[in-house]
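Working through the structure, step by step
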Amino acid sequence: MNDYVGFLGPAYLWVKAGHVTFVIFWMAGLFLLPRFYVYHQETVAGSPEDRAWIEREARVRSIILTPAMLIVWLLGLMLAVHLGAFGQLWFTAKLALVVALTGYQGWLGSYGKKLAAGQRPLSGKAVRLINEIPGIAAALIVVLVIVRPF
Ligand code: HEM
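On to the packing of aromatic side chains, then. Per the counting criterion, the structure on display carries 8 aromatic pairs. Taking the centre distance of 5.3 Å and the plane angle of 80° together, the rings of F86 and F91 count as edge-to-face. Judged by its relative accessible area of 7%, F91 is buried. Aromatic side chains W90 and F91 sit 5.6 Å apart centroid to centroid with 70° between the ring planes, which places their arrangement in the edge-to-face category. What makes W90 buried here is its relative accessible area of 7%.

Written out as structure tokens, the structure reads:
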């Protein structure tokens, strides 16, 4: 079968299954963390609730977001090498969106640090709006990998 030609051989579909599984975990974390921020913002800095949210957010980052993101990247790049996807337009567009999503995660980390320092730079409404970004990016990425419109 043609799918088995690349360097992953018969492991290709297993790697793809792993990739999609960790994409689900990564997205779950990306949806959860800003939702936590919405509730966290409403607490008084230094209060017990504030400290509880800081702890919960640190756990989402270290247990879900960071490991899932690294595994998605690793397995995704293995798939790209297997398929020889570099240079193909659908993959370049996907990569751009995934780089943006990784940057978004970096921004979430820096916003969390500000909340932990007692700052509340954005309104709850703004954080709710920002929370829509990963959903939109995920929908576009799925269309790019499955429909491959270009
Ligand atoms: C982190 C960097 C990523 C890289 C380098 C990457 C790369 C790839 C590659 C090369 C494939 C193989 C496509 C195929 O076998 O036809 C793939 C499959 C897939 N990727 Fe990613 N990906 C990444 C992140 C993501 C993200 C963030 C999502 C969703 C939000 C995603 C969703 C999918 C899905 C649903 C498939 C399966 C498509 C199919 O059934 O053929 N990927 N990815």
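We are not done yet, so read on.
Once that is clear, we can look at the coordination of the iron atom of the ligand. Coordination of the iron atom of the ligand by the protein comes from H19 (NE2) and K94 (NZ), over a distance range of 1.7 to 2.0 Å. Here the iron atom of the ligand binds 6 donor atoms, and the angle range of 85 to 177° at the metal identifies the geometry as octahedral. Pair noted here: H19 is in helix α1 (residues 12-41) and K94 is in helix α3 (residues 89-116), with a separation of 75 residues, a long-range link. Judged by relative accessible area, K94 falls into the buried class, the value being 14%.

Turning our eyes to something else, we now look at unusual backbone geometry. The residue R148 is not glycine, and still its phi comes out positive at about 45°. Among the structural elements, R148 can be located in the segment after α5 (133-146).

This part is about the packing of helix α2 (residues 48-83) against α3. For the pair α2 and α3, the least separation of the axes is 11 Å and the interaxial angle reads 160°. Judged on the interaxial angle alone, α3 and α2 are roughly antiparallel. Two packed elements cross with a definite hand, and for α2 against α3 that hand is left-handed. Note on element contacts: α3 touches α2 through F91, L95, V98, V99, T102, Q105, L108, G109, G112, L115 and A116, opposite D50, I54, E57, R61, L65, T66, M69, W73 and A80. Among the residues forming the contact of α2 with α3, the class breakdown is 12 nonpolar, 5 polar and 3 charged.

We now examine the packing of α3 against α5. Packed helix pairs are characterised by how far apart their axes lie and by the angle those axes make with each other. α5 packs onto α3 with a crossing angle of 160° between their chain directions and a minimal axis gap of 9 Å. It follows from the interaxial angle that α3 and α5 lie roughly antiparallel. Between α3 and α5 lies a crossing of left-handed hand. Here W90, A93, K94, L97, V98, L101 and Y104 of α3 lie close against α5, whose contacting residues are I133, P134, A137, L140, I141, L144 and V145. Tallied by class, the residues present in the contact of α3 with α5 amount to 13 nonpolar, no polar and 1 charged.

Rules of the game
- Residues numbered from 1 in each chain as written.
- Predicted model: local features only at pLDDT ≥ 70, side-chain atom pairs only at ≥ 80, totals over all residues.
- Heavy atoms only, no water.
- Phe/Tyr/Trp six-rings, centres within 6.5 Å; stacked < 30°, edge-to-face > 60°.
- Buried < 20%, exposed > 50% of the residue type's maximum accessible area, 1.4 Å probe, protein only.
- Donors = N, O, S within 2.8 Å, 3.2 Å for Na, K, Ca; no water.
- Tetrahedral: all angles 85-135°; square planar, octahedral: opposite > 155°, others 65-115°.
- Helix = DSSP H or I, 4+ residues; strand = E, 2+ residues; numbered from the N terminus.
- Axes fitted to C-alpha atoms, helices over the stretch in contact; angles between N-to-C directions.
- Parallel < 35°, antiparallel > 145°, perpendicular 65-115°, else oblique.
- Left-handed = near helix turned anticlockwise from the far one by under 90°.
- Contact = heavy atoms within 4.5 Å.
- Nonpolar A, V, L, I, M, F, W, Y, C, P; charged D, E, K, R; others polar.

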